[in-house]
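Okay, here's what each chain looks like letter by letter:
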Amino acid sequence: MEVAQEILNAPAAAKEAVELSGSQALLEALIVEGVDTIFGYPGGAIMPIYDALYDYHDKLNHILVRHEQGGIHAGQGYARTSGKVGVVFATSGPGATNLVTGLADAQIDSTPLVCITGQVFAHLLGTDAFQETDVINITTPVTKWNYQVTDANEIPEVIAKAFYIAKSGRPGPVLIDITKNAQIQKFDFKGYTTCNHIRSYRPKPIVRPQYIQEAAELINSAKKPFVLWGQGVILGSAEQEFKAFIEKSGIPSAWTILGAGAIPTDHPLNVGMLGMHGNYGPNVLTNECDVLIAIGMRFDDRVTGRLDKYAKQAKVVHLDIDPAEIDKNVKSTVPVWGDCKETLPLLTALIEPKKHTEWLAKFNDYTSQEFDAVIEAELNPKTEEMTMGEVIKQLNEITKGEAIIVSDVGQHQMVACRYAKLNNTRSNITSGGLGTMGFALPAAIGAKFGAQERDVVAIIGDGGFQMTLQELGTIMQTGVNVKIIILNNRFLGMVRQWQELFNERRYSFVDIQSPDFVALAAAYKIPGKRIEDRADLPAALNEMLNNKGSFLLEVMVTKENNVFPMVPQGCSVSEIRLK
């Protein structure tokens, strides 16, 4: 391998061919792309790649997961905290199909992944060979690009394209399926060149200065402007540009759950969370603003509620890197195509410095109403049983907003997103568009590998935890330091809430029984504790955070608490309910 590395490091003009297998060429390509961590699970059709990996253990850290879905969610967590491309290995057939949920999740949440799957020998394709599935057609709807390699000579160029497509423009998952013969085949490897251009692919639209000018004029003339920002700010590494824009304009700004953390939670212009379980003011005042500025967000239905009653009074400025998102759900008055890291400074230069004091005060007034009606009882309950919100409040007090919070899907997710204090970007990791239960535990493992200097806390419900709990084995084997909080309400809580509110409390199959989670963790050599009394909460959280390795804390919370505010399905955002 030293010879191959010398060839790779030589100037382009001086490179000589060296004979490598397709598997070796793949691993050399990963090293040049800056890959340091791979999440995977071996099997028959990918065995040649794993055999080659044996000689690369000092250069590539492979994490053996317990299920391929766990592997891809770990890759997502890694990508979301590190800002790099997550890399996942899986074998053919069931190994490849087990990636599908994670691919769909990464596609809708714009997470850059490169997934490598093994495949049967090329001459067996289409014969229903053992562990053969048509992974290309299966994954086409849930990948940004996929490709099947049947000849080792293709590998360097295809892998270069895969990384470029995954991380450029609006990021997303790429799957490369490599037949076993191509993995074994020897060929003349002439070095690896990264890709920065594909003729038929334009990752970023051309910025049109006239639209920047029109947007600035609308913003400058606005009396009640309102900014909605999403994950596009974080994916574009445009946090500072965004902060400069809102501080110069003085515009109140609210976030989608994937945009949380782009500016600190306590920034005076951060007025809260959008959407179905978002804050009162941002939802109601969406239908009172005169100019709505959407930055790196896609007007998802959980944000907009009924589209025919959404911000009809407002002029809409929409900044997005993906032209397909502009005018898809909400018609824009001024579309600003482009990477917001480029477009925001251009816009900031043209806007007038302002302070919308009275308008901002209106948001603060709604916050006070929400505090009295909802937040006070959630964070400082007088009930005997603990609430999810008070657990997050206590966690905030200890972490000071410096931890990465990885939440699963359900009531605990909405509570964590609403109340977690975030001082830094890339700190709120959750499954947004797909809403994948079971996401948090493996994603937290990947998140820690992507940001090893930071504390990672997984907030999970008793239902979602049981979907991927086998990844406790990954924690045991790697020793990765992940803190796990199970908020156990003994229900599939969000479904139960809907059944209570909209189905006359007809609780249909939501009463879930769980194992002894602490004993389960102990079986995986992970210490844990279960608490029911709020007097024990501060000490238990400190014990968890101060433990040198992973720790599982099960907190028994009230069974039938609901997450409010709530925009009922089919209603306008201004019809948001406080109770």
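Values in this document were obtained by computation on a predicted structure and should not be read as measured data.

1. A word on the nonpolar core
Here comes step 1: Ranked by size, the top nonpolar core spans 98 residues in total, and within it Phe226, Leu292, Ile295, Ile485 and Val555 carry the most contacts.
Here comes step 2: Top contributing element to this core by residue count: helix H16 (residues 357-379), with seven residues.
Here comes step 3: Of all hydrophobic cores here, the second largest spans 42 residues; its members include Ala29, Phe163, Ile176 and Ile198.

2. Quick look at empty space enclosed by the protein
Here comes step 1: The full count for this structure, using the stated rule, is two cavities of 30 Å³ or more.
Here comes step 2: Taken as a whole, the largest cavity holds about 70 Å³ of empty space.
Here comes step 3: If you go around the largest cavity, the residues you meet are Arg80, Gln231, Ile234, Leu258, Ala260, Arg426, Ser427, Asn428 and Ile429.
Here comes step 4: A per-class count over the lining of the largest cavity returns four nonpolar, three polar and two charged.
Here comes step 5: Surrounding the second largest cavity, Trp255, Ala260, Gly261, Ile263, Pro264, Thr265, Asn270, Ala420 and Leu422 form its lining.
Here comes step 6: Classifying every residue of the lining of the second largest cavity by side-chain character gives six nonpolar, three polar and no charged.

3. Thoughts on the pattern of salt bridges
Here comes step 1: A full pass over the atoms with the stated rule returns 24 salt bridges.
Here comes step 2: The residue Glu532 makes a salt bridge to Arg530 at a minimum N-O spacing of 2.7 Å.
Here comes step 3: The network of salt bridges with shared partners includes Arg170, Asp322, Glu325 and Lys328.

4. Side note on the packing of aromatic side chains
Here comes step 1: Applying the stated rule across the entire model yields 14 aromatic pairs.
Here comes step 2: Taking the centre distance of 6.2 Å and the plane angle of 85° together, the rings of Phe187 and Phe189 count as edge-to-face.
Here comes step 3: Relative accessible area serves as the criterion here: at 6%, Phe187 is assigned to the buried category.
Here comes step 4: Between Trp229 and Phe242, the aromatic rings sit 4.9 Å apart at their centres with planes inclined by 50°, giving tilted as the arrangement. Of this pair, Trp229 sits in strand S9 (residues 225-229) while Phe242 sits in helix H12 (residues 239-249), and the two are 13 residues apart along the sequence.
Here comes step 5: Exposure remark for Phe242: the relative accessible area of 0% places this residue in the buried category.
Here comes step 6: One aromatic cluster in this structure is built from Phe39, Tyr78 and Phe449.

5. Quick notes on a negative patch on the surface
Here comes step 1: On the surface, Glu384, Glu385, Asp533 and Asp536 cluster together into a patch of negative charge.
Here comes step 2: Mapped onto the elements of the fold, Asp533 is located in the loop between strand S19 (528-531) and helix H24 (537-546).
Here comes step 3: Residue classification places Asp533 among the partly exposed residues on the basis of a relative accessible area of 42%.

The rules behind these values
Residues numbered from 1 in each chain as written. Predicted model: local features only at pLDDT ≥ 70, side-chain atom pairs only at ≥ 80, totals over all residues. Heavy atoms only, no water. Core = buried A, V, L, I, M, F, W, Y, C linked by side-chain atoms within 4.5 Å. Buried < 20%, exposed > 50% of the residue type's maximum accessible area, 1.4 Å probe, protein only. Helix = DSSP H or I, 4+ residues; strand = E, 2+ residues; numbered from the N terminus. 1 Å grid on protein atoms, 1.4 Å probe; cavity = no way out; pocket = protein on both sides within 12 Å on 5 of 7 lines; lining within 4 Å. Points joined across faces, edges and corners; volume = space filled by probe spheres on them. Nonpolar A, V, L, I, M, F, W, Y, C, P; charged D, E, K, R; others polar. Salt bridge = Lys/Arg side-chain N within 4 Å of Asp/Glu carboxyl O. Phe/Tyr/Trp six-rings, centres within 6.5 Å; stacked < 30°, edge-to-face > 60°. Patch = residues over 30% accessible without salt bridge, like charges linked within 9 Å, V, L, I, M, F, W, Y side chains within 5 Å. Areas by Shrake-Rupley, 256 points an atom, 1.4 Å probe, with all protein chains shown as cover. Lys, Arg positive; Asp, Glu negative; His and termini not counted. Charge placed at Lys NZ, Arg CZ, Asp CG, Glu CD.

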